[in-house]
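# Structure assessment
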Amino acid sequence: MIDKPYAKISSSQITPLDVYLSRRKFLKVAAMGAGAAALSACGGSSPAEATPPAAAASTAQASSPKSPTDELGDKLTAFGDATNYNNFYEFTETKEAVASLAKNFSPNTWSVSVGGLVNKPRVFDLDDLRKLFGQEERVYRLRCVEGWSMVIPWLGFALNKLLAMVEPTSAGKFVRFETSSDPKQFPNMGNRFYPWPYVEGLRMDEAMHDLTFLATGMYGLPLPGQSGAPVRLAVPWKYGFKSAKSIVKIDVVDAMPQSFWMKTGPSEYGFYSNVNPEVPHPRWSQATERRIGELSRRRTTKFNGYEAQVAGLYTGQDLRKDF
Ligand SMILES: Nc1nc2c(c(=O)[nH]1)N[C@H]1C(S)=C(S)[C@@H](COP(=O)(O)O)O[C@H]1N2
Ligand SMILES: [Mo]
């Protein structure tokens, strides 16, 4: 993974979300009323009305993000940037090309099967995911291991709500996530260099942490294909690759899953991959990052600014060894 120079995106390249929405017959994102802002786990952000992102302003379906900034006061990344500069290797390794390749994307299944070491395995369809657990907005920083970052308002729910419903057994120590696998829709899955499908994992306590989020939408809209439709993880204190997109399978397991990136580059990408400015990537420093939309680099913070909430998960662990 290498961050290539970022090209400014013209408005004509922005995904036509209104077209996307009518084609997909998505349910209108509901339940974004009263409680949504108060439910934000990151808290602290101003309740002031947000300006809708430019590209979404013309869509009748769009509800605008409730928060204009993250809890640290940093502005949301422009919608057009967040949806036109993407890592989604099943499509392509070229970030600027993902959006156009994903514009007709329809995952091979619109349901997520949740099983493994659980008492109540269950297949959730999209309607279940939108209705059973409520929909809240969370404004999270996303810090890619390549050294760039964004601030994204997700819609969705805490993963622990879904896990509670399937009842992991005491033998369950980790959670494994698998991305949709459809070579017909993902042109780069023909590239045999990579260990498809895209798999990620979390330790059970990480998976149960309230910050760990399953997103079905962003910026008040259903997730576009390039962002991981229909459902993706958002684990904000870890490098972006831990946040697997287009998830179709979630399994509670007893052993640490071998992730796509651990298999691809075992010396470069570890299981934990917590954002850590003190532990450089073997080929570059992690001390600073380029916030998309800003000119100068900024310092990277430990656990991506979520240290107070998550550092306790790693008490007694050597974060250099458990990278
Ligand atoms: N299935 C899948 N999930 C994925 C990736 C991918 O290539 N395939 N890339 C990851 C990486 S490296 C990052 S930084 C984030 C990017 O999310 P975004 O494009 O929505 O910003 O998605 C992550 N999830
Ligand atoms: Mo990334």
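Residues numbered from 1 in each chain as written. Chains lettered and ligands numbered in written order. Predicted model: local features only at pLDDT ≥ 70, side-chain atom pairs only at ≥ 80, totals over all residues. Heavy atoms only, no water.

## Some words on the site of ligand 1
- Ligand 1 sits among 15 residues. The nearest are Asn86, Tyr89, Glu90, Arg232 and Lys245.
- In the model, a nitrogen atom of ligand 1 is placed 3.2 Å from a nitrogen or oxygen of the asparagine 87 main chain.
- The contact in question runs from an oxygen atom of ligand 1 to an N or O atom on the side chain of lysine 245, over 2.7 Å.
- Coverage of ligand 1 by the protein chains reaches 100% of its 530 Å² of free accessible surface.
- Applying the majority rule of atoms within 2 Å of the grid points places ligand 1 in the largest cavity.
- Its residues placed into classes, the shell around ligand 1 shows seven nonpolar, five polar and three charged. (Near = heavy atom within 4 Å. Polar contact = N/O pair within 3.5 Å; in protein donor to acceptor, adjacent residues only side chain to side chain. Areas by Shrake-Rupley, 256 points an atom, 1.4 Å probe, with all protein chains shown as cover. 1 Å grid on protein atoms, 1.4 Å probe; cavity = no way out; pocket = protein on both sides within 12 Å on 5 of 7 lines; lining within 4 Å. Sits in = over half its atoms within 2 Å of the grid points. Nonpolar A, V, L, I, M, F, W, Y, C, P; charged D, E, K, R; others polar.)

## Regarding the pattern of salt bridges
- Tallying each qualifying case throughout the model produces 19 salt bridges.
- The partner of aspartate 74 in a salt bridge is arginine 298, and the shortest N-O contact between them spans 2.9 Å. One end of the pair, aspartate 74, is in the loop between α2 (36-39) and α3 (79-82); the other, arginine 298, is in strand β12 (residues 298-299), with 224 residues separating them in the sequence.
- Close ionic contact of aspartate 210 with arginine 138 constitutes a salt bridge, the shortest N to O distance being 3.5 Å. Remark: arginine 138 occurs in strand β3 (residues 136-143) and aspartate 210 occurs in the loop between α7 (204-208) and β7 (213-218); sequence separation between them is 72 residues. (Salt bridge = Lys/Arg side-chain N within 4 Å of Asp/Glu carboxyl O. Helix = DSSP H or I, 4+ residues; strand = E, 2+ residues; numbered from the N terminus.)

## Here we look at the sheet that holds strand β10 (residues 247-253)
- The five strands are arranged β2-β1-β10-β5-β6 in an open sheet whose pairing can be described as mixed. In this open sheet, the two edge strands, each paired with only one partner strand, are β2 (122-125) and β6 (199-203). The mean angle between the axes of side-by-side strands here comes to 20°, regardless of whether they run parallel or antiparallel.
- Pairing between strand β5 (residues 174-179) and β6: five bridges, direction antiparallel. Directly across from arginine 176, in β6, lies its bridge partner glycine 201.
- Lying on the sheet, helix α6 (residues 159-166) is in contact with β1 (111-116), β2, β5 and β10; it crosses β2 at an angle near 140°. (Pairing = 2+ DSSP bridges. Axes fitted to C-alpha atoms, helices over the stretch in contact; angles between N-to-C directions. Contact = heavy atoms within 4.5 Å.)

## Overview of the packing of aromatic side chains
- One pass over the structure, following the stated rule, counts 27 aromatic pairs.
- Taken together, a centroid distance of 4.9 Å and an interplanar angle of 75° make the contact between phenylalanine 91 and phenylalanine 186 edge-to-face. Remark: phenylalanine 186 occurs in the loop between β5 and β6 and phenylalanine 91 occurs in the loop between α3 and α4 (98-101); sequence separation between them is 95 residues.
- Residue class for phenylalanine 186 comes out buried when judged on its relative accessible area of 0%.
- For the ring pair phenylalanine 241 and tyrosine 269, a centre distance of 5.5 Å and an interplane angle of 80° mean the geometry is edge-to-face. Placement of the pair is phenylalanine 241 in the loop between β9 (232-234) and β10 and tyrosine 269 in the loop between α8 (260-264) and β11 (288-291), with a sequence separation of 28 residues. The two residues phenylalanine 241 and tyrosine 269 agree in class, both being buried.
- The ring centre of tyrosine 85 lies 5.8 Å from the NZ or CZ of lysine 95, which sits over that ring. (Phe/Tyr/Trp six-rings, centres within 6.5 Å; stacked < 30°, edge-to-face > 60°. Buried < 20%, exposed > 50% of the residue type's maximum accessible area, 1.4 Å probe, protein only. Lys NZ or Arg CZ within 6 Å of the ring centre and 35° of its normal.)

## Describing the confidence of the model for the chain
- In the predicted model, the chain carries a mean pLDDT of 84, and 80% of its residues have values of at least 70.
- Segment residues 5-62 is flagged for pLDDT under 50; beyond a separation of four residues in sequence, or across chains, it makes 106 contacts in the model. (pLDDT = per-residue confidence, 0-100.)

## Structural notes on the environment of leucine 101
- By secondary structure assignment, the location of leucine 101 is in helix α4.
- Look at leucine 101 and you get partly exposed, because its relative accessible area is 41%.
- A sequence separation of 125 residues divides leucine 101 from glutamine 226, and the C-alpha atoms of the two residues are 8.1 Å apart.
- Once you skip the residues sitting within four places of it in the chain, leucine 101 turns out to touch Phe91, Thr92 and Pro187.

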